[in-house]
Structures are given as C-alpha cells and as structure tokens.
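# Secondary and tertiary structure notes
This is what each chain is made of:
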Amino acid sequence: MNHNLVDGTTAIGATGNGTVNDAIEQILGDWARVRPDVDCSAMGVAGRISRASRLMEKGVKEHFARYDLEPWEFDVLATLFRANSAHRLCMGDLATAAMVSSAALTNRVDRLTAKGLVHREVSPSNRRMVLITLTDRGHAMVDELLEGHVANENRLLAGLTPEDREQLSGLLCKLLTSLGDVRTC
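The following refers to the structure shown.

Calculation criteria
All residue numbers refer to position in the chain's written sequence, counted from 1. Confidence filtering applies because this is a predicted model: local features only for residues at pLDDT of at least 70, side-chain atom pairs given and counted only at 80 or more, and all residues used for totals across whole chains, interfaces and linings. Hydrogen atoms and water are omitted, and side-chain values are computed over all heavy atoms in the structure. Helix and strand assignments come from DSSP, with helices taken as H or I runs of at least 4 residues and strands as E runs of at least 2, each series counted from the N terminus. Buried residues are those whose accessible area, probed at 1.4 Å on protein chains only, stays under 20% of the maximum for their type, while exposed residues exceed 50% and partly exposed ones sit between those limits. Two residues qualify as a contact provided that any one of their heavy atoms is within 4.5 Å of a heavy atom in the partner residue. Residue-level accessible areas treat just the shown protein chains as cover; the underlying method is Shrake-Rupley with a 1.4 Å probe. Multiplying one less than the number of residues by 1.5 Å gives the expected span of a helix. At any given residue, the bend is defined as the angle formed between two axes, one fitted to the seven residues that end at that position and one fitted to the seven that begin there. By nonpolar core we mean a set of buried residues, namely Ala, Val, Leu, Ile, Met, Phe, Trp, Tyr and Cys, connected to one another through side-chain atoms within 4.5 Å. Pairing between strands is defined by DSSP: at least two bridges between the two strands are required. Lines fitted to C-alpha atoms define the axes, with helix axes restricted to the stretch in contact, and inter-axis angles between N-to-C directions lie between 0 and 180 degrees.

The next subject is the overall build of the protein. The helix and strand tally for the protein stands at seven helices and five strands. Walking the protein from its N terminus toward its C terminus, one meets helices and strands in the order β-β-α-α-α-β-α-α-β-β-α-α. Burial analysis of the protein (185 residues in total) assigns 25% to the buried set. The contacts of the protein with a sequence gap of at least 6 include a subset with a gap of at least 24, amounting to 43%. About 12400 Å² of surface is accessible on the protein, with carbon and sulfur atoms providing 55% of the total.

As structure tokens, this is what we get:
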C-alpha cells in the first residue's frame, strides 16, 4: 500500500492492518526482539510525539524562512495581535502568553524592536512595568502571514482526517494537562 507524504514523496509498505510503518515502529520492533520482557509502548508514544514535533517545527520554520522570519518572531507578534484591541501587553503577561521565560522574551523583544515590529515603553501608570506594543508594521505582517501560516499547518496535517485531528488534539490536551500544562487546553 502506498501513501502520499507531505513532501510529495510516496511511502511504500504497510503493516497487516493497512497502516504505514514509521521510523518508530522499527525501533519498537528491535526492542521487542532484544527485550521482549519490557513493554516499550510508552517509548513509541513519546518517540512519535517528539518526532512529529520536530517535523512540524521544520515545516513551520521553512514556511517563515521565506519571509525572513523565525517562528518565534511570528509567535510573539501573533500573541500581541490577538491579546487585545491595543495589541499591547506588559512583559510578564507577554512571557506567559508566549510560553517563554522573561529572559528569553527580553532578547526576543530586543530583536523585534530592532526590526521595527514592536515598540517598548515604560508604563505611564507603573514605572516598573514595561509595555510591548505591536507596531503598524508588525500588525500588517501578522495580518498578511496568518492565512499562509494556517494553510501551511493544514498542509502538514493533511495526513489526518478532521476526526483524526479532533481526537489527536483532545488526547494531546489530556497529556499536556497531566504534565501540568493546564493553561494551553
């Protein structure tokens, strides 16, 4: 049985139930052969999540590279874009919403400021608070790139039916919640 892959190539081969063997299946088979006494099924789940994450990240990075933009840059800009009508957040709230440390965010904001995509200012009501605002250029960039970004993610997920996506999303949300990532679901 042949399956079309995201990169346009074709995978050849299937298991007895009609599904294509992935790279992880070979590893699990090796473990079953050399250590049949150990249930390595968790390794299969963790390995597939890790591998899928790397492949998705690669596809997203390649997409944004065409616009001379890093995925993290789009993430910060998009976080500000959807935050509120002023497209402004304090550093702490932006770090939380963008799921990065304050130290990492400081570096990212510096780089985005240098590109003219965000503006940094001290809050007029609290001099200890720094506000980050999307510039008109940053706003236009998110507005322009959003649909292409979503289309790229749909392309990366084309091997899944809408029902598969919904089921996978629910299972990943359950896993993330069990790992303590309760704000993301």
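Moving on from the coordinates now.
Our focus in this paragraph is helix α6 (residues 136-156). Side chains of residues three or four places apart in an α-helix project in the same direction, reflecting 3.6 residues per turn. Compared with an ideal rise of 1.5 Å per residue, which puts 21 residues at 30 Å, α6 spans 30 Å between its outermost C-alpha atoms and is within 8% of the ideal. Where α6 bends most, the angle comes to about 40°, and this point is leucine 145. Considering only its buried residues, α6 is in contact with α2 (41-65), α3 (71-83) and β5 (130-134).

Nonpolar side chains in soluble globular proteins tend to be buried together. Formed by 26 residues in total, the largest nonpolar core has its most connected members in Leu77, Leu94, Leu105 and Val118. Going through the elements one at a time, α2, α3, α4 (91-98), α5 (102-114), β5 and α6 are the ones with two or more residues in this core. Of all the elements, α3 adds the most residues to this core, at six residues. Residues within four places of valine 118 in sequence aside, it is in contact with Leu77, Leu80, Val109, Leu112, Thr113, Ile132, Thr133, Leu134 and Thr135.

The next point concerns the environment of glycine 47. For glycine 47, the location among the structural elements is in helix α2. Under the relative-accessibility criterion, glycine 47 is labelled buried at 19%. In this structure, the C-alpha to C-alpha distance between glycine 47 and glutamate 25, residues 22 residues apart in sequence, is 9.8 Å.

Look at aspartate 68: it is not a glycine, yet its phi comes out positive at around 55°. A relative accessible area of 64% places aspartate 68 in the exposed class.

This next bit is on the sheet that holds strand β4 (residues 118-122). Read from one edge of the open sheet, three strands run β3-β5-β4, paired in antiparallel fashion. One side of each edge strand has no neighbouring strand; the edge strands of this open sheet are β3 (88-90) and β4. Shown here is a sheet whose adjacent strand axes are inclined to one another by a mean of 25°, direction ignored. Pairing geometry for β3 and β5, over three bridges, is antiparallel. Considered in β5, the bridge of cysteine 90 is made with leucine 131.

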